[in-house]
Amino acid sequence: MTTLDQDRERRVDAKTSFAKRSGEHGLGWLAVSPALLLLIGLLFGPAAAVVLFSLTDWQLGSFTFHFIGVANFRALFTDPTFWKALTNTLVYAGIVVPGTVLLGLVVALLIEASPGLRGFYRAAHFLPVMSTMSAMAIVWGTMLHPTIGLVNRALGAVGISGVNWLRDERTALLALALIGIWQGLGFAMVLFVSGLKAVPQQLYDAAAIDGADGVLDRLRFVTLPMLGPVTMFVVILTAKRSFEVFDSVRVLTQGGPNYASEVLLHRLYTESFDFLRMGYGAALTVIYLAIIVLLTLTQARLLERRVHYS
Amino acid sequence: MAEIELRHIEKSYGETAVVKDVSLSIRDGEFLTLVGPSGCGKSTLLRIIAGLEAQDSGEVVVAGRCVDDKRPKERDVAMVFQSYALYPHLSVFDNVALPLRTRRLSFAQRLPFVGRALPGRGGIEKAIRAEVEQAASMLDIAHLLHRKPGQLSGGQRQRVALGRAMVRHPAVFLMDEPLSNLDAKLRVQMRAEIIALHRRLGVTFVYVTHDQAEAMTMSDRVAVMTAGELLQVGQPEQLYRDPQDLRVAEMIGSPKINVVSCDHWMSLGASLPPGVDGNTTHLAFRPEAVGIAAPGDRRLNGVVTSVENLGSDIFLNVALADGCGAVVVRTHPDVSRSEPGRPVGLQIDPACLLQFDGAGMRLRQADQVEAAA
Amino acid sequence: MIARFPDRRFAGRVARHAILILTAAFALLPFVWMVSLSLKPPEEIFQADFHLWPTAFHGVENYRVALTAAPMFRFLLNGLLVCTAIFALQLLVCIPCAYALAKLRFRGRDTLFSAVLVGLLLPPQALAIPHFVLLNVFGLLDSYAALILPWVISTFGIFLLRQFFRSIPDEIIHAARLDGLGEFEIIWRIMIPMTTPALAAFGIFSIVAHWNDLFWPLIAVRSAEISTPALGILLFRDDEAGQFLGPLMAGAVIIVAPLLVAFLIAQRRFIDGLAVTTMK
């Protein structure tokens with residue numbers, strides 16, 4: 001036997017004894033196996049199934065189905081309700097995202113500006129984040145009630161006659177967006193506050209020495225630029241949440257009147273679980289999935305960049 | 001009884017070999033220090049002994065038995081880590097008691113929640129308490145037992161880590177740079193305490209450090225490593241006086257040994273000392289082997305650039321005549337008073353001159369070979 | 001702030017409070033309105049003039065109706081049961097997996113971690129159809145199992161805990177192995193106690209999400225006996241007694257209160273928990 005062979009043999013011996021001794025390999029797999037099985041059974045399997053379903057004409061309850069190719073998608077793209085739901089969702093996001101981000105930013109800046117009542121303001125703005133949306137949507141429904149609702153009572157007090165917010169095609173989506181801002185505001189505020197806390201005091205000192213000592217100067221030269229990454233993050237997060245809007249729509253308008261407040265996720269729910277058209281619903285899901293994945297990836301990219309920033 | 005025998009240990013991470021064919025015998029009850037620059041593989045070697053890492057090849061033998069298939073806890077070794085690795089959520093008492101509990105309580109008694117209720121646990125806990133308290137008083141941390149590690153100073157944490165290691169009377173103590181997180185004063189004090197601890201426990205200590213002073217002052221023997229290779233093992237004074245490798249000579253001793261290449265030497269117009277071997281490329285000499293003399297024709301000449309007065313000794317930094325390279329000279333305060341700018345000649349004791357060949361290996365003169373043998 | 005003009009500074013303060021009180025009112029108004037209505041008799045709700053505090057206190061009656069006409073406590077109990085079960089099972093699955101991903105070396109680890117990251121991309125709503133079908137096949141629809149099972153795996157939990165476990169130095173784990181702890185004990189005695197803040201944050205995130213979730217219970221459950229709070233209040237509204245606003249608002253208060261009270265008690269924990277979990 002050559003030395004090389006002996007060497008190799010010794011190495012192999014050490015390898016096997018390592019596996020026996022540390023057992024790290026086996027242990028690792030043992031520890032992850034429940035998670036792995038569930039990952040496949042509850043996430044990746046179902047995700048694949050959705051794509052598969054979307055290519056069939058399956059309806060819940062029927063025992064047969066056929067592969068019909070992209071017919072579901074074709075039907076979807078020629079369905080005006082789908083386009084209505086998609087544009088509504090975009091309009092909804094178009095109102096909720098800037099509304100939430102701007103309001104959240106202003107509130108965060110003001111809360112952090114001085115310590116007076118800081119704790120109270122923070123808790124008050126955060127309360128809607130924690131509250132059960134389905135219950136609070138019912139409350140909003142009574143507030144937006146045409147006659148007894150708080151909103152129209154208040155408007156009436158200043159001589160404006162309000163409309164039936166949730167039953168009017170022109171205002172239903174707007175009213176839902178208002179509720180969306182109401183709920184998301186506190187979360188945006190909290191994220192902005194943590195962003196503000198991360199701005200080093202030296203930067204303000206440096207800006208003061210450089211002559212930027214007024215409130216607006218400080219805001220313009222230090223605070224806002226430093227909040228840039230957080231702002232992007234909040235924008236994406238709020239956009240994602242806007243695309244997931246469901247509870248308020250389901251509780252208050254069910255997409256009506258005349259699809260004026262129909263949104264993607266509610267459409268998905270109705271097609272799949274009210275009409276039980278699983279194939280069609282699955283096709284909608286695939287579209288929905290694509291949008292959310294895109295937003296999440298953007299969010300992850302932003303997070304990564306922010307980490308590398310510091 | 002635990003002598004440790006490392007046989008042809010090799011370890012690499014991917015492409016980089018961190019330990020290259022290291023064989024080393026550590027005697028029972030010995031204080032052996034692995035010293036080398038960071039990244040030289042000394043810590044990896046220590047972890048291999050502990051069983052925390054597996055070597056790619058070779059074997060570890062403790063007390064005559066191969067322990068390669070033994071888990072860390074079965075090896076009867078204790079380890080003190082650089083960061084102390086105390087459990088931050090446990091009190092000092094629980095930190096020290098943990099190794100005893102894991103060994104003495106049965107599997108069932110260690111189960112969450114139910115274990116507490118099982119019979120027999122009370123008696124064992126009582127014995128553990130007594131032992132922990134004894135160890136704590138030995139290390140002078142008895143008054144800290146109820147605190148959490150976060151409330152302790154660096155030195156106190158160090159003692160707790162020592163307590164956790166010694167409480168179960170291991171056959172071998174492994175220490176991975178245990179003093180490097182302490183300030184200078186505390187470090188010197190803890191050095192003495194660890195030496196005392198070794199003497200009292202009488203078990204084998206394997207100590208890893210990058211600080212040659214620590215290695216020299218604490219150990220029975222020192223093993224010098226560089227780039228995964230074991231260069232030399234020996235008693236501290238042996239490494240200092242009789243290094244086999246230029247890298248060992250340069251690593252041991254402070255200030256560093258002076259090294260001048262033969263070419264440089266001759267280009268300065270000095271004649272090589274008598275007895276220099278034909279293969280010698282580098283000459284090395286300790287600062288105390290140099291004397292200051294008047295500048296002369298056939299010797300190394302230079303200019304004093306700075307003077308460091310330590311009170312007991314004076315170190316002179318002497319720039320060689322051509323401006324390339326410098327030599328450190330140790331003198332006694334009352335022997336010579338020099339100030340920067342003064343030209344001097346260097347007088348080197350030929351008996352203390354070390355010669356190395358192009359590969360950095362030591363070349364011995366005939367009388368030195370005899371002396372070493 | 002450099003205060004050269006005390007007047008201006010004072011004005012700034014006033015403006016700050018003026019704006020914040022306005023936005024806080026926007027945030028709080030629905031809660032005030034809800035409580036106010038829940039204390040009023042029907043005729044007062046429809047009255048032309050509005051008073052915050054009822055002229056005729058009808059609170060006891062409204063809450064009595066809410067509690068008797070619908071199984072409100074049952075809803076809350078269901079919420080507690082489902083949320084606890086989900087969180088407990090999530091921990092049971094996530095912790096070993098996160099520990100292995102963070103601290104053990106085994107072949108395929110990086111692949112698995114990538115799979116977890118991909119799993120993070122999937123919005124749960126998109127999996128509703130196959131989950132529904134799966135539960136239907138096993139005859140589990142309209143049961144607690146239907147509410148719990150789809151959430152047992154949380155890629156987010158795995159990811160979050162892995163990040164926290166990774167921040168624990170390896171030396172601590174090495175010390176624990178030398179001290180004789182097995183891997184299970186390392187998790188139980190070292191990793192879990194050292195990452196309680198992270199576990200609490202994950203718990204808050206998980207419980208808030210599932211307590212408030214309407215989408216999935218709406219799909220999985222029909223009967224009131226196993227409805228969670230978010231679904232329960234809807235069932236109550238569509239019920240006969242729910243047509244009266246007073247009891248309906250009382251019901252809403254009962255549904256919303258537990259989380260809000262918990263939040264007010266441990267504000268910092270909640271805010272930090274939810275913020276930390278999104279930013280990770």
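Not measured: the values here are computed from a predicted model.

Cut-offs applied
- Residues numbered from 1 in each chain as written.
- Chains lettered and ligands numbered in written order.
- Predicted model: local features only at pLDDT ≥ 70, side-chain atom pairs only at ≥ 80, totals over all residues.
- Heavy atoms only, no water.
- Helix = DSSP H or I, 4+ residues; strand = E, 2+ residues; numbered from the N terminus.
- Contact = heavy atoms within 4.5 Å.
- Areas by Shrake-Rupley, 256 points an atom, 1.4 Å probe, with all protein chains shown as cover.
- Buried < 20%, exposed > 50% of the residue type's maximum accessible area, 1.4 Å probe, protein only.
- Salt bridge = Lys/Arg side-chain N within 4 Å of Asp/Glu carboxyl O.
- pLDDT = per-residue confidence, 0-100.
- Pairing = 2+ DSSP bridges.
- Axes fitted to C-alpha atoms, helices over the stretch in contact; angles between N-to-C directions.
- Core = buried A, V, L, I, M, F, W, Y, C linked by side-chain atoms within 4.5 Å.
- Buried area = accessible area lost by both parts, 1.4 Å probe.
- Polar contact = N/O pair within 3.5 Å; in protein donor to acceptor, adjacent residues only side chain to side chain.
- Nonpolar A, V, L, I, M, F, W, Y, C, P; charged D, E, K, R; others polar.
- Right-handed = clockwise from strand over helix to strand, strands pointing away.
- Parallel < 35°, antiparallel > 145°, perpendicular 65-115°, else oblique.

S.K.: Any chance you could break down the overall build of chain A for me, citing the residues and the numbers?
M.R.: From N to C terminus, chain A includes 13 helices and zero strands. For chain A, the sequential pattern of α-helices and β-strands runs α-α-α-α-α-α-α-α-α-α-α-α-α. For chain A, restricting intrachain contacts to residue pairs at least 6 apart in sequence, the fraction spanning at least 24 positions comes to 66%. For chain A, the accessible surface area stands at approximately 14,100 Å², while carbon and sulfur atoms represent 67% of it.

S.K.: Now, about the overall build of chain C: what can you tell me, with residues and values included?
M.R.: Looking only at helices and strands, chain C features 15 helices and zero strands. Principal-axis analysis of the C-alpha atoms gives chain C an extent of 75 × 70 × 35 Å. A fraction of 70% describes how many contacts in chain C between residues 6 or more apart in sequence connect residues 24 or more apart. For chain C, the accessible surface area stands at approximately 11,800 Å², while carbon and sulfur atoms represent 69% of it.

S.K.: Tell me about helix α6 (residues 128–137) of chain C, and please be specific about residues and values.
M.R.: Residues and elements named next belong to chain C. Most of α6 sits inside the fold, with seven of its 10 residues counted as buried. Every buried residue of α6 is accounted for by A128, I129, P130, H131, F132, V133 and L135. The first or second residue beyond α6 is G139, which carries a positive phi of 65°.

S.K.: I'd like a rundown of unusual backbone geometry, residues and numbers included.
M.R.: Omega for the bond connecting S254 of chain B with P255 of chain B falls within 30 degrees of zero, at 0°, which places this linkage in the cis form. By secondary structure assignment, the location of P255 of chain B is in the loop between α9 (246–251) and β11 (258–261). Even without glycine at this site, Y259 of chain A takes up a positive phi of about 65°. On the secondary structure map, Y259 of chain A appears in the loop between α11 (247–253) and α12 (264–274). The phi dihedral of A63 of chain B is positive, around 50°, even though this residue is not glycine. Position of A63 of chain B relative to the elements: it lies in the loop between β4 (57–62) and β5 (65–66).

S.K.: Can you lay out the side chain of T280 of chain B for me, pointing to particular residues and giving the numbers?
M.R.: Residue and element names in this part refer to chain B. By secondary structure assignment, the location of T280 is in the loop between α10 (262–267) and β12 (282–285). On the basis of relative accessible area, T280 is assigned to the buried category, the value being 7%. With near-sequence residues (within four places) excluded, T280 lies in contact with C262, Q355, F356 and L363.

S.K.: Before we move on, can you summarise the environment of F275 of chain A with the specific residues and values?
M.R.: Inspection of the secondary structure puts F275 of chain A in the loop between α12 and α13 (278–309). With 216 residues separating them in the primary sequence, F275 of chain A and Q59 of chain A have C-alpha atoms 8.7 Å apart.

S.K.: Lay out the pattern of salt bridges in plain terms, naming residues and giving numbers.
M.R.: Residues and elements named next belong to chain B. Taken as a whole and assessed by the stated rule, the structure comprises 28 salt bridges over all chains. Between E53 and R47 there is a salt bridge, and its shortest N-O distance comes to 4.0 Å. R47 carries the same exposure label as E53, and that label is buried. Among the salt bridges present, the one from R129 reaches E133, with a minimum N-O distance of 3.2 Å.

S.K.: Quick rundown of the confidence of the model for chain A? Include the residues and the values.
M.R.: Residues of chain A with pLDDT of at least 70 account for 89%, and the chain-wide mean is 82. Note on residues 1–21 of chain A: pLDDT under 50 across the span, and 22 contacts to partners over four residues away in sequence or across chains.

S.K.: Which residues make up the sheet that holds strand β17 (residues 343–348) of chain B, and what values go with them?
M.R.: Neighbouring strands of a sheet are bound in pairs by backbone hydrogen bonds; such pairs are parallel or else antiparallel. All names here are of chain B. Pairing is antiparallel across the open sheet formed by five strands, whose spatial order is β13-β17-β14-β15-β16. Strands at the two margins of the open sheet, each flanked by one partner only, are β13 (290–293) and β16 (326–331). For this sheet, the mean inter-axis angle between neighbouring strands, taken without regard to orientation, is 45°. Where strand β14 (residues 300–309) lies against strand β15 (residues 314–320), seven bridges are found, and the strand directions are antiparallel. In the strand pairing of β15, E308 is matched with F315.

S.K.: How would you summarise the nonpolar core if you had to cite specific residues and measurements?
M.R.: Formed by 226 residues in total, the largest nonpolar core has its most connected members in F126 and F192 of chain A, L34, L174 and V206 of chain B together with F31 and I233 of chain C. Ignoring any residue separated from it by four or fewer positions in sequence, one finds I233 of chain C in contact with S134, A135 and I138 of chain A together with M72, F75, L248, G251, A252 and I255 of chain C. Grouped together as the second largest cluster of nonpolar side chains are 36 residues, A97, L139, I141 and M190 of chain B included.

S.K.: Can you break down the interface of chain C and chain A residue by residue, with the values?
M.R.: Tallying the contact residues gives 92 residues for chain C and 93 residues for chain A. Summing both partners gives a buried area of about 8,100 Å² for chain C against chain A, and 78% of it is carried by carbon and sulfur. Where chain C touches chain A, the interface holds zero salt bridges. At the boundary of chain C and chain A, one finds 16 residue pairs in polar contact (both at pLDDT 80 or more). In terms of residue class, the side of chain C that touches chain A is built from 70 nonpolar, 12 polar and 10 charged.

S.K.: Hey, could you go over the sheet that holds β5 of chain B for me, with residue numbers and the actual values?
M.R.: Residue and element names in this part refer to chain B. Strand order in the open sheet made by the four strands is β2-β1-β4-β5, with antiparallel pairing throughout. Since the sheet does not close on itself, it has two edges, and those belong to β2 (16–26) and β5, each with one partner. Note that strand β1 (residues 4–13) and β2 share seven bridges and pair antiparallel. Among the inter-strand pairings, K11 is bridged to a residue of β2, identified as V19. Lying over the sheet, helix α1 (residues 42–50) contacts β1, β2 and β4, oriented at roughly 120° with respect to β1.

S.K.: Tell me about the pairing of strand β7 (residues 172–176) of chain B, and please be specific about residues and values.
M.R.: Residues and elements named next belong to chain B. Summarising burial for β7: five of the five residues are buried, a large majority. Every second residue of β7 is oriented toward a common face, with V172, L174 and D176 on one face and F173 and M175 on the other, all of them buried. In terms of strand pairing, strand β6 (residues 77–80) meets β7 through four bridges, oriented parallel. Opposite V80, over in β7, you have M175 as the bridge partner. Assessed by its sense of winding, the connection that carries the chain from β7 through helix α6 (residues 184–201) to strand β8 (residues 204–209) is right-handed.

S.K.: I'd like to hear about the packing of helix α13 (residues 229–238) of chain C against helix α14 (residues 245–265) of chain C, residue by residue, with values.
M.R.: Residues and elements named next belong to chain C. Direction vectors running N to C along α13 and α14 enclose 175°, while the axes themselves pass 10 Å from each other. One way to sum up the angle between α13 and α14 is to call them roughly antiparallel. Contact with α13, carried on its side by P229, I233, F236 and R237, involves P247, L248, G251, A252 and I255 of α14 and no other residues of that element.

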